[in-house]
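Here's the letter readout for the chains.
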Amino acid sequence: MTGDVFLHSKSQEINLFPMATNRTFTMIKPDATGAGKTGKIIDRIIGAGFTIKAMKWTQLSMDDAAAFYAVHKERPFFGELTEYMTSAPIVAAILEKDNAVADFRTLIGATNPAEAAPGTIRADFAESIAANAVHGSDSDENAAIEGAFFFSARELA
Ligand code: IDP
Ligand code: MG
């Protein structure tokens, strides 16, 4: 949203907010890693123009999942979500691209794969609204918070 603001001069353009919209955070979720879909999903992500800045294979503890999804703790599906997210390994990654947050949400499709547009990652790989293959940050602010949950400052540099 702020990424298109430029200062113009005779010889150059200076982006005033170079970090504003070019990073997002993703997880490949347990249904996808457990079903051997990780490579295909990473291919889709790279094919859509994202650059992987950092990536790790790890498994969430219950404390990790509860902290990561704290925003959803009052929702009826919170218990199901945290059980599911701890059930098998996940792949966490920082992705870079112009307009990363919005473009990645478009690439993955709607939360419920039954409603996800054809050709999106969730339409093609997700099992259900809970086990929906991938996470994608919903704002620049949350992308930064979520990335810092998994990666050190050195890994984010
Ligand atoms: P999002 O992942 O598309 O941003 P959110 O509403 O932020 O969707 O929900 C976070 C995650 O919680 C979803 O990706 C999905 O795994 C799970 N979830 C969302 N709604 C439901 C539901 O109605 N039943 C079970 N799990 C759900
Ligand atoms: Mg969300």
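As a convention, each chain's residues are numbered from 1 in the sequence order in which they are written. For this description, chains carry letters from A and ligands carry numbers from 1, given in the order in which they are written. Thresholds applied to this predicted model are a pLDDT of at least 70 for local features of residues and 80 or more for the giving and counting of side-chain atom pairs; totals over whole chains, interfaces and linings are not thresholded and use all residues. Side-chain figures throughout are based on the complete set of non-hydrogen atoms in the structure, without hydrogens or water.

**Points about the pairing of strand 3 (residues 23-28)**
What counts, and what does not: Whether a residue is buried, partly exposed or exposed follows from its accessible area with a 1.4 Å probe, protein chains only, as a fraction of its type maximum: under 20%, in between, or over 50%, in that order. Helix and strand labels come from DSSP, where a helix needs a run of H or I of at least four residues and a strand needs a run of E of at least two; each type is numbered from the N terminus. Here a strand pair is declared whenever DSSP counts at least two bridges between the two strands.
Across the six residues of strand 3, six count as buried, placing the element largely inside the fold. The alternating pattern of strand 3 places Arg 23, Phe 25 and Met 27 on one face and Thr 24, Thr 26 and Ile 28 on the opposite face, and all of these are buried. Note: strand 3 against strand 5 (residues 90-96), six bridges, orientation antiparallel. What sits directly across from Thr 26, in strand 5, is Ala 93. Pairing of strand 3 with strand 6 (residues 134-136) involves three bridges; the strand directions are antiparallel. Pairing of Ile 28 across the sheet is with Val 134, part of strand 6.

**Section: the confidence of the model for the protein**
Defined as follows: A residue's pLDDT is simply how confident the predictor is in it, with values from 0 to 100. In what follows, a contact means two residues having at least one pair of non-hydrogen atoms within 4.5 Å.
Of the residues in the protein, 87% reach a pLDDT of 70 or more, and the chain-wide mean stands at 91. When the criterion is pLDDT under 50, residues 1-13 qualifies, and its contacts beyond four places in sequence or with other chains add up to 18 contacts. Taken together, the stretch residues 15-20 has pLDDT below 50 and engages in nine contacts with residues farther than four places along the chain or on a different chain.

**Describing the pattern of salt bridges**
In plain terms, the rule: Each salt bridge in this description consists of a side-chain nitrogen of Lys or Arg and a carboxyl oxygen of Asp or Glu lying within 4 Å of one another.
Counted under the stated rule, the structure contains six salt bridges. A salt bridge links Arg 44 to Asp 124, with the nearest nitrogen and oxygen atoms 2.7 Å apart. In this pair, Arg 44 sits in helix 2 (residues 38-47) while Asp 124 sits in helix 6 (residues 121-125), placing the two residues 80 residues apart along the sequence. A single network of salt bridges, built from pairs that share partners, joins Arg 23, Lys 53 and Glu 96.

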